[in-house]
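# Results of the structural survey
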Amino acid sequence: MNDQTKKPNPWLMLVIIYIAAFSAPLNMFKVAALAPALIPYYNIDPSGIGLLMSAYTMTGVFMALPAGGIARKLGYKQTSLIALLISLVGAVLGCFAPDINILFASRILEGMGLCMMGVTGVSIVTGYFPVEKRGRAMGIFTSYMALASCVGVPLLGALGDMLGFKNVWYICAAFTLVATVLVVLFLKNPELPEEERNAPKLNMFKIIAQHKQLWILCAIFAIHNFVVVGVVNNFATTYLVEKFGLSMTMASLFGSVTAMCAVLSMLVAGTLSDKLKTRKLFIILGLVIGLFAVAFYYWTDNFVFIVILSICAGVEGGCIPAMSQTTGPEIVGKVEHAPVAQAFLSFGQNVGQFLGSGLFGIAAATLGWTIAGWAILVPLFIVALGLGFILKIK
């Protein structure tokens, strides 16, 4: 997997893979940002927008584990290029989509790229940074999704108002192309430790089976994505408009605030986990804060309190992804096994998001927001917190 003649700068590699990874959620969120323009153009209703967004999650469920196998076989740079090229084809196809069916097909391709980039990005960071410095680096890398949410969504929306939604599709495709060129020209595969270079490769499913702590971590990560991403984040605008009578613009600002808190939380948790030499502490803290948020989020009528709870959801939304994706490779131990750990976590992530949005939507319509939150979200978070306490990390 070593394709360099001299050791590259790890921070330069981090910047390159960050830009490459950032292109994936940028393509993902363009539908959310430009939904009002897409609905009349393609003659669809809001359920069609939901279908376009869910294409990413559905793809991730099926692509997560294969992405890990591809990365181990071909190399991280090569797999990143495949991911970017697939995303680029999807982005270009979307530029010329004449109907909703072709647009949906383009979203499937973009979703494949997003899933593969997540696996290779974490693996590259794992390969370039030693354990004692990996938390900060991973905290930076894992912020690409949240940063695209809090910066990319309003930016794409503003560009759509000025230029039209089709031109935003062209801009996102151009960004993906630039990221692809950067990866081709500058990204280098990390060098495996000497003891791993000639060692026989274990089957990825055997690696997963051998590490029971990885199963616990995956369950925690899946619950986080079910509750915080699949429910709290995805239903925030709908809930805040319905419950507090906010405008859609004002409600969307809450999403940006939550995402920005997540970005800051990732950076802080990653840096402090290195200094304090503990990832578990920040997993526990994140889950406690998240439990507090979901216990009262759908109950309170106090607007100031809902702001505080949204901030808490953002803090949890930074701690858990950053620490989970830092800890996964540390559980499996070998750098060469990092794609396996991340692929398994990515599988749990996408299953959690997919089930969260679908099941809670039905429950909220049947039971109401408050009862659904207490009946589904709070028990799940209590389970995740219990798993956090029994999680053993070297």
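Look up a bit, the structure's there.
Residues numbered from 1 in each chain as written. Predicted model: local features only at pLDDT ≥ 70, side-chain atom pairs only at ≥ 80, totals over all residues. Heavy atoms only, no water.

## A closer look at the overall build of the chain
What the chain contains, in helices and strands, is 16 helices and zero strands. Taking 21 Å as the expected radius of gyration for a compact globule of 394 residues, we find that the chain reaches 20 Å, a close match to that expectation. C-alpha extents for the chain along the principal axes are approximately 60 × 50 × 30 Å. Looking at the 394 residues of the chain, the share that counts as buried comes to 56%. (Helix = DSSP H or I, 4+ residues; strand = E, 2+ residues; numbered from the N terminus. Rg over C-alpha atoms; globule rule 2.2 N^0.38 Å. Buried < 20%, exposed > 50% of the residue type's maximum accessible area, 1.4 Å probe, protein only.)

## A few points about the state of the cysteines
Within the structure shown, the criterion is met by zero disulfides. With no disulfide partner, C218 has as its closest neighbouring cysteine sulfur the one in C115, 12 Å distant. Note on C218: relative accessible area 8%, which makes it buried. Between C319, a cysteine without a disulfide, and C312, which holds the nearest cysteine sulfur, the sulfur-to-sulfur distance is 11 Å. With a relative accessible area of 7%, C319 lands in the buried category. (Disulfide = S-S within 2.5 Å.)

## Details of the pattern of salt bridges
Counted according to the given criterion, the structure contains six salt bridges. The salt bridge partner of E110 is K30, with a shortest N-O separation of 2.9 Å. Residue E110 is located in helix 4 (residues 100-128), and its partner K30 is located in helix 1 (residues 10-42); the two are separated by 80 residues in the primary sequence. Both residues of the pair, E110 and K30, count as buried. The shortest N-O distance in the salt bridge between E336 and R72 comes to 2.9 Å. In this pair, E336 sits in the loop between helix 14 (303-332) and helix 15 (338-367) while R72 sits in helix 2 (residues 46-74), placing the two residues 264 residues apart along the sequence. The exposure class assigned to E336 is buried, which follows from its relative accessible area of 6%. By relative accessible area, R72 is classed as buried at 8%. Shared partners join several salt bridges into a network, and the residues in it are K30, R107 and E110. (Salt bridge = Lys/Arg side-chain N within 4 Å of Asp/Glu carboxyl O.)

## Remarks on helix 16 (residues 369-390)
Look at helix 16: 31 Å from first C-alpha to last across 22 residues, which is about the 32 Å you get at 1.5 Å a residue. Maximal helix bending in helix 16 amounts to about 25°, located at L377; proline P379 follows within four positions. If you check which residues of helix 16 are buried, you get W369, A372, G373, L377, V378, F381, A384, L385, L387 and G388. Where helix 16 is buried, its residues touch helix 10 (212-233), helix 11 (236-244), helix 13 (280-297), helix 14 and helix 15. (Expected span 1.5 Å × (residues − 1). Bend = angle between axes of the 7 residues up to and from the residue. Contact = heavy atoms within 4.5 Å.)

## Describing helix 6 (residues 144-163)
Here helix 6 spans only 25 Å end to end across 20 residues, well under the 28 Å set by a 1.5 Å rise per residue. Of all bends in helix 6, the biggest is about 40°, found at G152, and the proline P154 comes one to four residues later. Listing the buried residues of helix 6 in full gives Y144, A146, A148, C150, G152, L156, G157, L159 and G160. The first or second residue beyond helix 6 is G164, which carries a positive phi of 95°.

## Section: the environment of L377
By the element assignment, L377 lies in helix 16. According to the relative accessible area criterion, L377 is buried, its value standing at 0%. A C-alpha to C-alpha distance of 12 Å links L377 and L287, two positions 90 residues apart in sequence. Among residues more than four places away in sequence, those in contact with L377 are F226, V227, V231, V294, Y298, F360 and A372.

## Brief notes about the packing of helix 13 against helix 16
The N-to-C vectors of helix 13 and helix 16 enclose an angle of 165°; their axes lie 9 Å apart at closest approach. It follows from the interaxial angle that helix 13 and helix 16 lie roughly antiparallel. Crossing of helix 13 over helix 16 shows left-handed handedness. Contacts between helix 13 and helix 16 involve K280, I284, L287, V288, G290, L291, V294 and A295 from the first element and W374, L377, V378, F381, I382, A384, L385, G388, F389 and I390 from the second. Taken together, the residues of the contact of helix 13 with helix 16 sort by class into 15 nonpolar, two polar and one charged. (Axes fitted to C-alpha atoms, helices over the stretch in contact; angles between N-to-C directions. Parallel < 35°, antiparallel > 145°, perpendicular 65-115°, else oblique. Left-handed = near helix turned anticlockwise from the far one by under 90°. Nonpolar A, V, L, I, M, F, W, Y, C, P; charged D, E, K, R; others polar.)

Shape is all these values report; function is a separate question.
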